[in-house]
Structures are given as C-alpha cells and as structure tokens.
Amino acid sequence: MKERVWLGGCPDYDPARLFARVDQAFEALHVYDQLKPGMTVVLKPNLVMASKPEEAIITHPALTAAVGKCVRKAGAKVLIAESPGGPYTPALIKRHYGACGYQAMAEELGFALYTDCKSREVSLPQGERCRRVSLIEPFLDGDFLINLPKLKTHGMVGYSGAVKNLFGAVPGLQKPELHCRFPEKEDFSQMLVDICAFLEPDLSILDGIWAMEGDGPTGGSRRQLGVLAASASPYALDVCGAALTGSGAGKILTLKLAGERGLGPSFLDEVEVLGEPIEAYAVKDFLPAKASSTDFIDRLPAFLRPAAKKLATPYPKIDGKACVGCGKCAQSCPQHTIRIVGGRARVDLKNCIRCFCCHEMCPKHVVKVRRLRMFDL
C-alpha cells in the first residue's frame with residue numbers, strides 16, 4: 001500500500017485559512033481518530049535560530065498555532081518543544097521562543113512551551129550509524145508527536161524537511177558533536193534517518209507557504225510556494241517536498257537511505273497524493289544551496305574523484321568587515337576551527353569538515369559559502 005500525503009494550497013498565514021487547511025489534513029489522514037482527550041501532543045517546529053517568521057527560516061508560529069487548535073479540538077493537550085543550535089538552557093530557550101514569536105502565540109492560545117531543557121541518552125537498536133544519542137525528554141515521553149518542518153534547502157544535505165527537522169530533538173551543543181562524529185554527508189544522512197526511525201513521528205506537516213531557497217537553512221531567500229503538505233510518513237512527505245522544489249527525490253540521501261532500509265518511499269510514484277496535485281504548486285527554478293555536492297564528480301573515473309572532490313567542495317568564508325564577533329560560529333563549530341581575533345571571527349580551513357554549522361548559526365548571515373570559481377555555477 002502506498003504511503004499517503006495530503007496536499008493543499010494556502011497562499012498566506014491567515015489564522016482562519018490555516019485552521020481550515022490543517023483541519024482538512026487531519027480529517028483526510030484520520031488524525032482525529034488517533035487523538036484522545038487528555039493526551040499530551042508534542043509539536044516539534046523548526047526553530048533553528050532566533051529569527052522573525054517573515055525571514056522564512058523557522059516554522060511560522062501561525063501554522064503551529066493552527067495545528068495546536070486542531071489538537072485541542074480533539075481534547076488533547078499541546079506542548080511545543082524544540083532544541084535550537086547553541087547552548088540549551090531554560091533562560092536561552094525562553095528568549096528563543098520570544099524572538100521567534102512563539103511566546104506570544106502560546107500565551108494567547110494557552111499552549112505549553114517546553115523550557116526544562118532535560119534530555120536522556122537512549123539506544124537506537126535499529127541504528128545503522130548512530131547507536132546511542134541524547135534526545136530531549138518531550139520527544140521520549142509525549143503521547144503523540146507532530147513534526148512541523150519548514151521547506152528549505154540545506155547546505156550540507158541539500159534538503160531540509162521532515163527527516164532533517166528531527167535533528168532538533170538532539171540537545172543544543174550535542175549537535176556539533178554529531179557533526180564531528182559523522183562528517184561525511186552519507187554518514188550524517190544515515191544518522192538523521194536513525195533518529196527519525198527511532199522517534200517515528202505520528203504526523204508530519206510541511207510549512208511550504210513561505211519556503212527558503214538558495215543558501216538554506218538560514219542564509220537563503222524566501223520563496224512563495226503557497227502550499228501545505230501532511231503525512232504519517234516523514235519520508236513520503238519529503239518525497240513530495242522534493243517534488244515541490246523540482247528536485248528529484250533520488251538526489252536526497254536521507255530518502256535513498258531510508259528506502260534501502262524499507263522505512264518509506266524514495267520516489268514520487270510510490271506515494272498516493274490526496275487533496276490537490278503536486279503539479280499545481282511545484283516549481284522548476286527553485287535555487288539549490290551552493291554548498292550542495294556537485295553531481296559530475298560521480299561520473300568521473302574513480303582515480304580522479306578524490307582530487308575533484310577536494311577542488312569542488314565548497315568552504316565557509318567569513319565576511320570580516322561585516323562580522324560582529326558574537327562567537328556563535330565558533331560556539332557551533334564541531335572541530336573548533338574558528339576563533340575570535342580582534343573582535344572578528346577567523347576560520348582555519350585545514351581542519352574544517354565543511355558541515356557549515358557556522359553558516360547555519362550566524363545570526364548576521366556573514367558566513368558565506370564559497371567554492372573555486374570554476375565550480376561556482
């Protein structure tokens with residue numbers, strides 16, 4: 001049986017329109033049949049860094065609000081939880097929620113925000129690369145998990161959607177540790193699948209109203225797609241997310257690896273789309289991240305690939321004039337290759353693993369992705 005994905009247009013974040021669309025998704029996917037009064041439903045948005053909703057970096061609080069209203073319609077309790085990059089402390093996460101518009105939204109609607117910042121180490125018995133990892137407690141103790149990813153490009157893995165969003169269940173500064181343990185794109189993607197397979201979200205809803213193209217997940221540009229999608233399968237949802245951006249799902253390693261493990265579909269013809277057709281909202285000129293791998297390398301003779309990869313691999317470059325020396329990049333660097341010198345960040349590329357955590361976490365977006373001019377297509 002094919003995995004089902006509900007898809008529907010939504011031109012903006014109008015609360016009434018959003019509620020109607022999310023309600024349709026819940027009905028189409030029989031979510032209301034699974035929710036029971038008194039349940040604790042954990043909502044996991046993408047709040048990777050403190051930013052305003054209109055920057056299209058985070059899951060819009062209006063969408064999270066609409067999902068929470070539908071949960072409460074079923075008599076269940078709403079708990080919003082996230083662990084962004086950087087230190088994970090109660091004081092910092094409260095400020096983070098406030099900066100992203102979630103504090104005001106939660107207070108208005110009576111939703112709980114998780115601020116205890118507790119985590120537990122768990123074993124991943126089916127893990128292919130990662131067998132033990134720490135995860136924050138709501139994702140281990142809640143009754144029902146709703147994953148709320150943002151549709152974005154990603155400098156390291158190419159695409160950020162439902163599978164990648166669950167990396168946010170790892171507490172704060174333990175994320176760079178995993179980047180260091182799994183510096184290669186395939187191993188890192190396998191680790192993402194390991195975490196997703198363990199958490200098994202009950203529902204994932206993709207925020208594609210304002211997507212992000214270019215140098216995502218934080219330094220790209222907002223792109224109006226005007227679409228929402230939902231599925232019980234995070235893999236099926238990502239297949240459709242890839243199709244919306246004109247990218248073949250076969251290019252996304254998390255989907256390829258998940259498919260090989262029998263966890264979910266890898267291609268669009270393996271998915272049943274409910275609601276509206278993908279073709280009504282898909283675009284062909286969605287800009288990829290500059291840091292994405294160069295496809296031609298795989299077509300070269302084997303003996304040429306190492307040298308070509310070294311030349312073609314992008315690298316982070318810090319705009320020294322615009323840098324304010326806040327240290328967020330150094331704090332997030334798993335290899336500790338960045339230092340603050342004279343009030344400006346400096347990166348030593350010799351030990352850089354090209355994870356682009358610095359690019360992702362820079363609040364001023366002054367860490368740029370560069371490659372040799374001949375490969376900067």
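Residues numbered from 1 in each chain as written. Predicted model: local features only at pLDDT ≥ 70, side-chain atom pairs only at ≥ 80, totals over all residues. Heavy atoms only, no water.

A.B. asks: What's the story with the overall build of the protein in this structure? I'm lost.
C.D. replies: Check the secondary structure of the protein and you find 13 helices and 16 strands. Against the globule reference of 21 Å for 377 residues, the protein gives a C-alpha radius of gyration of 20 Å, in line with a compact fold. Projecting the C-alpha coordinates of the protein onto the three principal axes gives extents of approximately 55 × 45 × 40 Å. The buried share of the protein, taken over its 377 residues, is 55%. (Helix = DSSP H or I, 4+ residues; strand = E, 2+ residues; numbered from the N terminus. Rg over C-alpha atoms; globule rule 2.2 N^0.38 Å. Buried < 20%, exposed > 50% of the residue type's maximum accessible area, 1.4 Å probe, protein only.)

A.B. asks: Help me out: how do you make sense of the side chain of His96 in this one?
C.D. replies: Assignment of secondary structure puts His96 in helix 3 (residues 90-99). In contact with His96, not counting residues within four places along its chain, are Leu47, Val48, Met49, Ala50 and Pro84. (Contact = heavy atoms within 4.5 Å.)

A.B. asks: I would appreciate a short explanation of the environment of Asn351 in the present structure.
C.D. replies: Within the element layout of this structure, Asn351 appears in the loop between strand 15 (344-347) and helix 13 (357-361). In this structure, the C-alpha to C-alpha distance between Asn351 and Cys117, residues 234 residues apart in sequence, is 31 Å. Residues within four places of Asn351 in sequence aside, it is in contact with Gln335 and Thr337.

A.B. asks: Can you walk me through helix 1 (residues 15-28) in this structure?
C.D. replies: Each full turn of the α-helix corresponds to 3.6 residues, which orients residues three or four apart in the same direction. Along its 14 residues, helix 1 runs 20 Å from first to last C-alpha, staying within 8% of the 20 Å computed at 1.5 Å per residue. Among the residues of helix 1, Leu18, Arg21, Val22, Asp23, Ala25 and Phe26 are the ones counted as buried. Tucked into the core, helix 1 has its buried residues touching strand 1 (3-9), helix 2 (61-73), strand 7 (144-148), strand 10 (203-213) and strand 11 (221-231). Taken from the residues just after helix 1, His30 is the one with a positive phi, measuring 60 degrees. (Expected span 1.5 Å × (residues − 1).)

A.B. asks: What is the right way to look at empty space enclosed by the protein in this model?
C.D. replies: Empty space among the atoms becomes apparent when a probe as large as a water molecule is rolled across them. Under the defined criterion, the tally for this structure stands at three cavities of 30 Å³ or more. In this structure, the largest cavity spans a volume of roughly 280 Å³. Residue lining of the largest cavity: 25 residues in total, with Val48, Lys164, Phe167, Lys175 and Glu360 positioned closest to the centre. Each residue belonging to the lining of the largest cavity can be placed in one class, and the counts come to eight nonpolar, eleven polar and six charged. (1 Å grid on protein atoms, 1.4 Å probe; cavity = no way out; pocket = protein on both sides within 12 Å on 5 of 7 lines; lining within 4 Å. Points joined across faces, edges and corners; volume = space filled by probe spheres on them. Nonpolar A, V, L, I, M, F, W, Y, C, P; charged D, E, K, R; others polar.)

A.B. asks: Whenever I open this one, the pattern of salt bridges confuses me. Can you help?
C.D. replies: Taken as a whole and judged by the stated rule, the model has 13 salt bridges. When the shortest N-O distance is used, the salt bridge between Glu82 and Lys44 registers 2.8 Å. Note that Glu82 is positioned in the loop between strand 3 (77-80) and helix 3 and Lys44 in strand 2 (residues 40-45), a separation of 38 residues in sequence. On the basis of relative accessibility, which here comes to 2%, the residue Glu82 falls in the buried class. Accessibility expressed as a relative area gives 1% for Lys44, which makes it buried. Across the pair Asp207 and Lys150 runs a salt bridge, and its minimum N-O distance is 3.0 Å. With Asp207 in strand 10 and Lys150 in strand 8 (residues 150-154), this residue pair connects regions lying 57 residues apart in the sequence. For the pair Asp207 and Lys150, one class covers both residues: buried. (Salt bridge = Lys/Arg side-chain N within 4 Å of Asp/Glu carboxyl O.)

A.B. asks: Quick question: what am I supposed to make of the state of the cysteines here?
C.D. replies: Disulfides are covalent bonds that link the sulfur atoms of two cysteine residues. Tallied over the full model, the rule gives zero disulfides. Among the cysteines around Cys70, which has no disulfide bond, Cys10 carries the closest sulfur, lying 12 Å off. The cysteine Cys326 is free of any disulfide, with Cys362 supplying the nearest cysteine sulfur at 6.1 Å. With relative accessibility at 46%, the residue Cys326 sits in the partly exposed group. (Disulfide = S-S within 2.5 Å.)

A.B. asks: Looking at this structure, I do not really get the environment of Glu186. What am I missing?
C.D. replies: By the secondary structure assignment, Glu186 is in helix 8 (residues 185-199). Judged by relative accessible area, Glu186 falls into the partly exposed class, the value being 39%. With 140 residues separating them along the chain, Glu186 and Cys326 place their C-alpha atoms 31 Å apart. Glu186 has contacts with Leu253 and Leu257, leaving out every residue within four places of it along the chain.

A.B. asks: Honestly, the side chain of Ser231 in this entry has me stumped. Any pointers?
C.D. replies: The topology assignment puts Ser231 in strand 11. Engagement of the side chain of Ser231 in a polar contact is seen with the backbone oxygen of Arg4, the distance being 2.8 Å. At 3.0 Å, the side chain of Ser231 and the backbone nitrogen of Ser233 are in polar contact. Here Ser231 is in contact with Arg4, Val5, Leu29, Leu203, Ser204, Ala236 and Leu237, once residues within four sequence places are set aside. (Polar contact = N/O pair within 3.5 Å; in protein donor to acceptor, adjacent residues only side chain to side chain.)

A.B. asks: Any chance you could explain the confidence of the model for the protein here in plain terms?
C.D. replies: Interpreting fine coordinate detail is not advised for predicted regions of low pLDDT. Mean pLDDT for the protein: 91, with 92% of residues reaching 70 or above. Overall, residues 293-299 carries pLDDT values under 50, and its contacts beyond four positions in sequence, including any with other chains, amount to ten contacts. (pLDDT = per-residue confidence, 0-100.)

A.B. asks: I tried to follow a positive patch on the surface on my own but got confused; where do I start?
C.D. replies: Taken together, the side chains of Lys290, Lys317, Lys368 and Arg370 make up a positively charged region of the molecular surface. Among the structural elements, Arg370 can be located in strand 16 (residues 367-370). (Patch = residues over 30% accessible without salt bridge, like charges linked within 9 Å, V, L, I, M, F, W, Y side chains within 5 Å. Areas by Shrake-Rupley, 256 points an atom, 1.4 Å probe, with all protein chains shown as cover. Lys, Arg positive; Asp, Glu negative; His and termini not counted. Charge placed at Lys NZ, Arg CZ, Asp CG, Glu CD.)

A.B. asks: Sorry, what's going on with unusual backbone geometry here?
C.D. replies: Trans peptide bonds make up the majority, and among non-glycine residues the majority have a negative phi. In this structure, Pro217 follows Gly216 across a cis peptide bond, with omega equal to 15 degrees. Although it is not a glycine, His30 adopts a positive phi angle of roughly 60 degrees. By the element assignment, His30 lies in the loop between helix 1 and strand 2. The backbone of Cys117 sits at a positive phi, close to 60 degrees, despite the residue not being glycine. If you trace the backbone, Cys117 turns up in the loop between strand 4 (112-113) and strand 5 (119-123).

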